[in-house]
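Each chain, written out:
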Amino acid sequence: MSRIAGAFFRGRPVFIGFTVAGDPDMGRSFSAATAMIDAGADILEIAVPYSDPVADGPVIERAHHRALMAGIRPVDVFLLLLKIRDYAPDLPLILFTYYNIVYRRGVDRFFSEATAAGADGVLIVDLPVEESEEVVPSARRHGIERIPLIAPTTSPERQRAILQEASGFAYLISLEGVTGERDHLPSGLAGLVSAVREKTDLPIAVGFGVSRPEHVRTVLDAGADGVIVGSALVRLIEEHMDDGPGMREALRAAIVSLRDGFSSSSRT
Amino acid sequence: MKAGRYGIYGGQYVPETLMSALIELEETYTRVREDPDFSSRLSWYLHEYAGRETPLTFCENLSRDLGCRVYLKREDLLHGGAHKLNNTLGQALMANYMGKSRLIAETGAGQHGVATAIAGAVLGLSVDVYMGEVDTRRQALNVFRMELLGARVIPVTAGTRTLKDAINAAMRDWVANLRDTHYLLGSCVGPHPFPMIVRDFQSVIGVETRRQILEREGSLPDMIVACVGGGSNAIGIFYPFVGDAGVALVGVEAGGEGPESCQHGASLSRGSVGVFQGALSYLLQDDDGQTLETHSIAAGLDHPSVGPEHAMLKDSGRVRYEMVTDAEALQAFRYLSRTEGIIPALESAHAVAFALRAADELDRDGILVINLSGRGDKDVVEVAKHNGGVE
């Protein structure tokens, strides 16, 4: 069983933490990642810094720019991944990237390096199913799971096409918009989760806007198997950039508090 | 060829959330292009409101200097002062057909923002324009014009605070407001179907030019020159001539401070292939695929990528792409103003500058058409700065 499948197989909700590789530099990025793991993140999603992250809101965009300003290159991202893999041999690691990074490196080379660095899955945020014909066989060849994105605006036909070539888990975008913290999640979430559930055996995780324990509860009550939290954690790295222990403690406290949403959910 | 592809270029490299809007847009476009009611409404706005057709002016003084027969296609005389309105009227009418009540747009120099504000005002749509904070200061006059026309201008403070970040901001807005908002993209860039839609609406330039030159000269031109940033005025005048092998087509990119300086906007001449803002095309990028900063004295050419159809036309050799520096463009700006009494936009001055250089390639009876894509009133302050304020 793959590491990703294993994380979902345990039958309890899965917490996926997101961070931008090299934010704000290599050392502190590794420290943030390990703090998230120590606090109970079940899966880490690690973004490759990119100059024009159009799917992201301002918090994550600033993290991309901090990492680029620190001189982080894709090769550094792979190095960071190796270190994290070394720290947590069984933890599923997912690379989150914009397509030009992959295209520029060469699709096959990218997947080969990702495998070598210990990545279990890759999520390419701006590569819809229409454009993925080169990536699918390459991912398969290198044993990398390709995490699909499904949005509230995705038609049932597209959901089917997307799920047909997907592996790992289905990443449901909770809302129409970019990443970032919100006061409320949209009300139609349960409908979206069950529509996807009908079409796949893959586990389902929900991200975008999930930033409070009550959001976590909403997502699980909507029937999802896991949550993805990004901006709320990235913001803590930004706020505690010059205070290593403070940053680790803030991340720990946030993840513990978000996981409270697990226990109060009707699903557990 | 796959739908939405120009050779290998183009495509739809966007987050999943946007796909439904792109599909809706393509369906709407397929419907309206066959719809006589849409055609007649667009035609009415282009002719009775915007002032088409624009003249193809024979320039006696320029012809004498260059030693060939020189015509200017006068998009500077279109309402708003540039070719941009051809596209914004078309897309704003489409927004009406889709039942969208709000337009968003990006703008660099402000010309596309102004053209969107005009179309929104006359067609009753609210307009929000994203503009890099650097550009809002460089082009304060156009900010005021947009506001006069009822649009809201939103300064963008992310990234390099210029055109590419304005496009990023507009895409982020669109993804959150798909149901009531149309993103009125201003150039033949971005994901399919935008490059096709913008090309088709701008092709009116080339269609008119062809008819006008045949009436005037009884033959097609020997050379057509147009500036290329994203490339919409160029594709608009080139497209109806692509099948005419005898017509040389030349796209002129921003050479900035010189092609070796790394301070330019010449994505076709100096860039490499990559995916940017939804399309595969030529791009100014580093070895890792990070977008590079660009520079041009002409804000409308200050952009790291170019429309995918131009990428195909470059590879096939059908269009030749050349570079003109800031200094050459400034010289051409002053030259055309004095020689013909026409102040060109700094963008269009790049095309004029190349024509000055290339005239040797034509003989006395040779016919040269320059697409004068916009007027230069917006640029006089910038030019005065480069002249130390006086001349």
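Each remark here, short or long, concerns the structure printed above.
Residues numbered from 1 in each chain as written. Chains lettered and ligands numbered in written order. Predicted model: local features only at pLDDT ≥ 70, side-chain atom pairs only at ≥ 80, totals over all residues. Heavy atoms only, no water.

Trainee: Describe in detail the pairing of strand S8 (residues 204-207) of chain A, supporting the description with residues and values.
Mentor: All names here are of chain A. Taking every second residue as pointing to the same face, both faces of S8 are buried, with Ile204 and Val206 on one and Ala205 and Gly207 on the other. Here strand S7 (residues 170-173) pairs with S8 via 4 bridges, running parallel. Across the sheet, the residue bridging to Ile173 is Gly207, located in S8. Traced from S7 through helix H9 (residues 189-197) to S8, the parallel crossover comes out right-handed. Summarising the sheet, S8 and strand S9 (residues 226-229) pair through 2 bridges and their orientation is parallel. Its bridge partner being in S9, Val206 is matched across the sheet by Val227. Read from S8 through helix H10 (residues 213-221) to S9, the crossover connection turns out right-handed. (Buried < 20%, exposed > 50% of the residue type's maximum accessible area, 1.4 Å probe, protein only. Helix = DSSP H or I, 4+ residues; strand = E, 2+ residues; numbered from the N terminus. Pairing = 2+ DSSP bridges. Right-handed = clockwise from strand over helix to strand, strands pointing away.)

Trainee: Please set out the interface of chain B and chain A residue by residue, giving values where relevant.
Mentor: Between chain B and chain A, the residue contacts involve 37 residues of the former and 37 residues of the latter. Its largest share of buried area at the contact with chain A, chain B owes to Glu16, Arg172 and Asp288 of chain B, together 24% of the area lost on that side. The tally of links from chain B across to chain A stands at 6 salt bridges. As a salt-bridge pair, Glu131 of chain A and Arg5 of chain B come within 2.3 Å of each other at their nearest N and O atoms. There are 23 residue pairs in polar contact (both at pLDDT 80 or more) connecting chain B and chain A. Of all the secondary structure elements, the ones that give two or more residues to the side of chain B that touches chain A are helix H1 (16-32), helix H8 (163-176), strand S11 (272-276) and strand S12 (279-283) of chain B. (Contact = heavy atoms within 4.5 Å. Buried area = accessible area lost by both parts, 1.4 Å probe. Salt bridge = Lys/Arg side-chain N within 4 Å of Asp/Glu carboxyl O. Polar contact = N/O pair within 3.5 Å; in protein donor to acceptor, adjacent residues only side chain to side chain.)

Trainee: Which residues make up the packing of aromatic side chains, and what values go with them?
Mentor: Taken as a whole, this structure holds 19 aromatic pairs over all chains when the rule is applied. When the centroid spacing of 6.1 Å and the interplanar angle of 90 degrees are considered together, the rings of Tyr171 of chain A and Phe208 of chain A count as edge-to-face. You can see Tyr171 of chain A sitting in strand S7 and its partner Phe208 of chain A sitting in the loop between S8 and H10, a full 37 residues away along the chain. Owing to a relative accessible area of 4%, Tyr171 of chain A belongs among the buried residues under this scheme. By relative accessible area, which is 7% here, Phe208 of chain A ends up buried. Put simply, the rings of Phe18, Tyr50, Phe96 and Tyr98 of chain A pair up and form one aromatic cluster. Over the face of the ring belonging to Tyr239 of chain B we find Arg199 of chain B, whose NZ or CZ atom lies 4.1 Å from the ring centre. Its guanidinium or amino end placed over the ring of Tyr282 of chain B, Lys314 of chain B lies 5.4 Å from that ring's centre, counting from NZ or CZ. (Phe/Tyr/Trp six-rings, centres within 6.5 Å; stacked < 30°, edge-to-face > 60°. Lys NZ or Arg CZ within 6 Å of the ring centre and 35° of its normal.)

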